[in-house]
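Commentary on secondary and tertiary structure
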Amino acid sequence: VRPADPEESETGAWIGHPEAELFLAEQRKGVRQALDRLSTQDQEILHYSFVEGDGLEIIASKLGIPYAAARKRKSRALERLKKMFVRMSQKGRP
Amino acid sequence: MKLSDDGDDGVNMVCRTVEEEDVIERYLAGRLSTNEAEAFEQHYLECQKCFADLQLQHATAIELTYRPVHSLHLHRKPWALSLQWAAATVAVLLLVAGVLYLRPHEKTQVPAQQIAAAQRPSAAVLEQLAAVDQIPSYIPGLIRGGETNPALIKFQEGMTLYSAGKYADALAPLKQAEGLDSLQSLPIPFYLGIAYLVSGDPQEAIAQFSKVPRENAYSEEAHWYLSKAYLKSRNFSSARTELQTVESLHGAHSAAAHDILQQIKNY
C-alpha cells in the first residue's frame, strides 16, 4: 500500500485512507511480534527515539554512553527490528 | 540538514541522508522543516526502500506508545534492579512468615459467597483498575495536502488540543469533525472516546469506542479503553467481555487484561 496521490485523493493524508489503515493494522501486528523478540536494551533505545522523541545526544546522556555508541546501538536495534519483522512476516504467510 | 540542491525549484534527498540524518524519526515527530519534509516526501514516493522503512518506523512508533514503559526498566542500573528484587523477596518472606505465625490453628468454615465478597477489590482498587495509565499519543498523518478537507481541518484542530492534554477542549472540534467526516475515514471515534474517558464521561466514551470498526488499526486499543470505560461505569459483565477480547488478541495490553480479569472475577 502506498500513500494515495494527494492530487487524486480528497484528503491526501495517509490516515485518511481505509486501505492504509488496514495495512497499518497488519504492519503493527508484525512490529509487535518483532518488538517482543528484541532485547530490553534494544526496546529501550527505540522507546527513547520514537516515543520520547529524543535525539541521539539526549539518548547518549540518558544511557551514559558516548554519542557514537548511542548511534551504533540505535542503528543496530533498528536493523534487528527490521530483520525480526521480515522473519515474522514470512512466518505469517501461508 | 544537508540536502543536495536541485536548482531553484527545490531540493533532492538521497537514501544516505535519510539514514545519516535520522530523517524518518524526525519526520514522524514533526521535527523537519517544511522544505525538508517536502523533500523527504518527494524522495520516499520514489524510493521503495525508504518508503518501506517509513512504514515500518511509523508502525513501530505507534506500537511502542502502547508498550508498557515499566517493563523496560528505563534509567535503571542493573544493581538497582537486583536490590529491588532482594527487597521484594525479603518483604514476601516476612509476610509469609507473619501469616503462618498468626494463622489460627482451627479452620473455620466460611461460606463461598462470603469468600467471594471478601475477594472482591475495594472501591479504591476498582478505581485504579479503571484508570487510564497511558493516554494514547497522536501521530499525525504522513502526507500533507488535506488543507482543504473541512473534516481533516477540524480533526487536526481537535488533535492539537488533545496532544496538548486539553482533552475536554478537544471534544467540540472532534465532534464537529465527526459530523463532517461523511466517509468515516478519520480515526475520530477512537480519539473522541479517549477524550471523553479522561474527561470523566465514560458513557459517551463507550458510545464512541463502540463505533471503531473491527480490523481498524485502532480496534485493539478501542477494546482496551472500552473495557476501562465499562469498569468506570461498574458494568463488569461488559468490561469482562472487552477484556477477554483484548486478552485473546495477544497484544500490548493482553497481560494487563488478564490481570484485571482475575481481579474482577467475583463480580
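Remember, it's a predicted structure, so these values are computed and weren't measured experimentally.

Remarks on the overall build of chain B
A tally of helices and strands in chain B yields 14 helices and two strands. Buried positions account for 43% of the 267 residues belonging to chain B. Carbon and sulfur atoms make up 55% of the accessible area of chain B, which amounts to about 14,900 Å² in all.

Digging into the overall build of chain A
When helices and strands are tallied, chain A shows four helices and zero strands. Order of helices (α) and strands (β) in chain A, N terminus to C terminus: α-α-α-α. Taking all 94 residues of chain A together, the buried fraction comes to 45%.

Concerning the packing of helix H12 (residues 219-232) of chain B against helix H14 (residues 254-263) of chain B
Residues and elements named next belong to chain B. Closest axis-to-axis distance for the H12/H14 pair is 11 Å, and the angle between their directions is 25°. Here H12 is positioned roughly parallel relative to H14, judged by the angle of their axes. As for the relative orientation of H12 and H14, their crossing is left-handed in sense. From H12, Trp224, Lys228 and Leu231 reach across to H14, where they touch Ala256, Ala257 and Ile260. Split into classes, the residues belonging to the contact of H12 with H14 amount to five nonpolar, no polar and one charged.

Quick word on the pattern of salt bridges
Following the criterion strictly, the structure yields 18 salt bridges over all chains and no others. In this structure, the salt-bridge partner of A:Asp42 is A:Arg80, at a minimum N-O distance of 2.6 Å. One end of the pair, A:Asp42, is in helix H2 (residues 40-51); the other, A:Arg80, is in helix H4 (residues 67-92), with 38 residues separating them in the sequence. Under the relative-accessibility criterion, A:Arg80 is labelled partly exposed at 39%. Residues A:Lys74 and B:Asp22 are paired through a salt bridge, measuring 3.3 Å at the closest nitrogen-oxygen approach. In this pair, A:Lys74 sits in helix H4 while B:Asp22 sits in the loop between helix H1 (15-20) and helix H2 (23-28), so the two residues belong to two different chains. When its relative accessible area of 5% is taken as the criterion, A:Lys74 is described as buried. Of the residues examined, B:Asp22 reaches a relative accessible area of 17% and is grouped as buried. Overlapping salt bridges bring together A:Glu79, A:Lys82, B:Glu19, B:Lys49 and B:Asp53 as one network.

Some remarks on helix H11 (residues 202-209) of chain B
Taken as a whole, H11(B) has its buried residues at B:Pro202, B:Ala205, B:Ile206, B:Gln208 and B:Phe209. On an axial view of H11(B), the arc spanned by its buried residues comes to 165°, and they lie on one face.

Observations regarding the packing of aromatic side chains
All names here are of chain B. Under the counting rule described, the total for this entry stands at 11 aromatic pairs over all chains. Both rings, one in phenylalanine 190 and one in tyrosine 191, keep their centres 5.1 Å apart while their planes meet at 80°; by these two values the pair is edge-to-face. Comparing phenylalanine 190 with tyrosine 191 shows no difference in burial state: the two are buried. Every member of this aromatic cluster is reached through a ring pair, and the members are Phe155, Tyr162, Tyr167, Phe190, Tyr191, Phe209 and Tyr225.

Let's talk about the environment of B:Pro202
All names here are of chain B. Summarising the element assignment, proline 202 is placed in helix H11. Classification of proline 202 by relative accessible area gives buried; the value is 16%. Taking C-alpha positions, proline 202 is 8.4 Å from lysine 228, a pair spaced 26 residues apart along the chain.

Quick notes on the side chain of A:Lys74
At a separation of 3.3 Å, a polar atom in the side chain of A:Lys74 contacts the side chain of B:Asp22. The residues contacting A:Lys74, other than those within four sequence positions of it, are A:Ile45, A:Ser49, A:Leu56, B:Asp22 and B:Glu25.

Looking at the nonpolar core
Among the nonpolar cores identified, the biggest contains 86 residues, and A:Leu46, B:Phe40, B:Phe155, B:Phe190, B:Tyr191, B:Phe209 and B:Tyr225 are the most heavily contacted of them. For this core, the element with the most residues is helix H4 (residues 48-66) of chain B, which contributes nine residues. Every residue in contact with B:Phe40, bar those within four places of it in the chain, is listed here: B:Met13, B:Val18, B:Val23, B:Ile24, B:Tyr27, B:Leu32 and B:Leu54.

Quick notes on a positive patch on the surface
Together, A:Arg37, A:Lys83, A:Arg87 and A:Lys91 give the surface a local cluster of positive charge. Tracing the chain through its elements places A:Arg87 in helix H4.

A short note on H12(B)
All names here are of chain B. In this model, H12 (14 residues) spans 20 Å end to end at C-alpha, consistent with the 20 Å of a helix rising 1.5 Å per residue. For H12, the buried fraction is high: 12 of the 14 residues fall into the buried class. Those residues of H12 not exposed but buried are Ser219, Glu220, Glu221, Ala222, Trp224, Tyr225, Leu226, Ser227, Lys228, Ala229, Tyr230 and Leu231. Immediately beyond the C-terminal end of H12, within one or two residues, lies arginine 234, with a positive phi of roughly 60°.

Here's the deal with the confidence of the model for chain B
All names here are of chain B. Per-residue confidence for chain B gives a mean pLDDT of 76, with 70% of residues at or over 70. Low pLDDT, under 50, characterises residues 1-10; the predicted model gives this stretch 20 contacts beyond four residues in sequence or across chains. Confidence drops under pLDDT 50 across residues 76-82; counting only partners more than four residues distant or on other chains, this segment forms three contacts. Here the predicted complex scores 0.53 on pTM and 0.80 on ipTM.

Reading the values: rules and limits
- Residues numbered from 1 in each chain as written.
- Chains lettered and ligands numbered in written order.
- Predicted model: local features only at pLDDT ≥ 70, side-chain atom pairs only at ≥ 80, totals over all residues.
- Heavy atoms only, no water.
- Helix = DSSP H or I, 4+ residues; strand = E, 2+ residues; numbered from the N terminus.
- Buried < 20%, exposed > 50% of the residue type's maximum accessible area, 1.4 Å probe, protein only.
- Areas by Shrake-Rupley, 256 points an atom, 1.4 Å probe, with all protein chains shown as cover.
- Axes fitted to C-alpha atoms, helices over the stretch in contact; angles between N-to-C directions.
- Parallel < 35°, antiparallel > 145°, perpendicular 65-115°, else oblique.
- Left-handed = near helix turned anticlockwise from the far one by under 90°.
- Contact = heavy atoms within 4.5 Å.
- Nonpolar A, V, L, I, M, F, W, Y, C, P; charged D, E, K, R; others polar.
- Salt bridge = Lys/Arg side-chain N within 4 Å of Asp/Glu carboxyl O.
- Arc of directions from axis to C-beta.
- Phe/Tyr/Trp six-rings, centres within 6.5 Å; stacked < 30°, edge-to-face > 60°.
- Polar contact = N/O pair within 3.5 Å; in protein donor to acceptor, adjacent residues only side chain to side chain.
- Core = buried A, V, L, I, M, F, W, Y, C linked by side-chain atoms within 4.5 Å.
- Patch = residues over 30% accessible without salt bridge, like charges linked within 9 Å, V, L, I, M, F, W, Y side chains within 5 Å.
- Lys, Arg positive; Asp, Glu negative; His and termini not counted.
- Charge placed at Lys NZ, Arg CZ, Asp CG, Glu CD.
- Expected span 1.5 Å × (residues − 1).
- pLDDT = per-residue confidence, 0-100.

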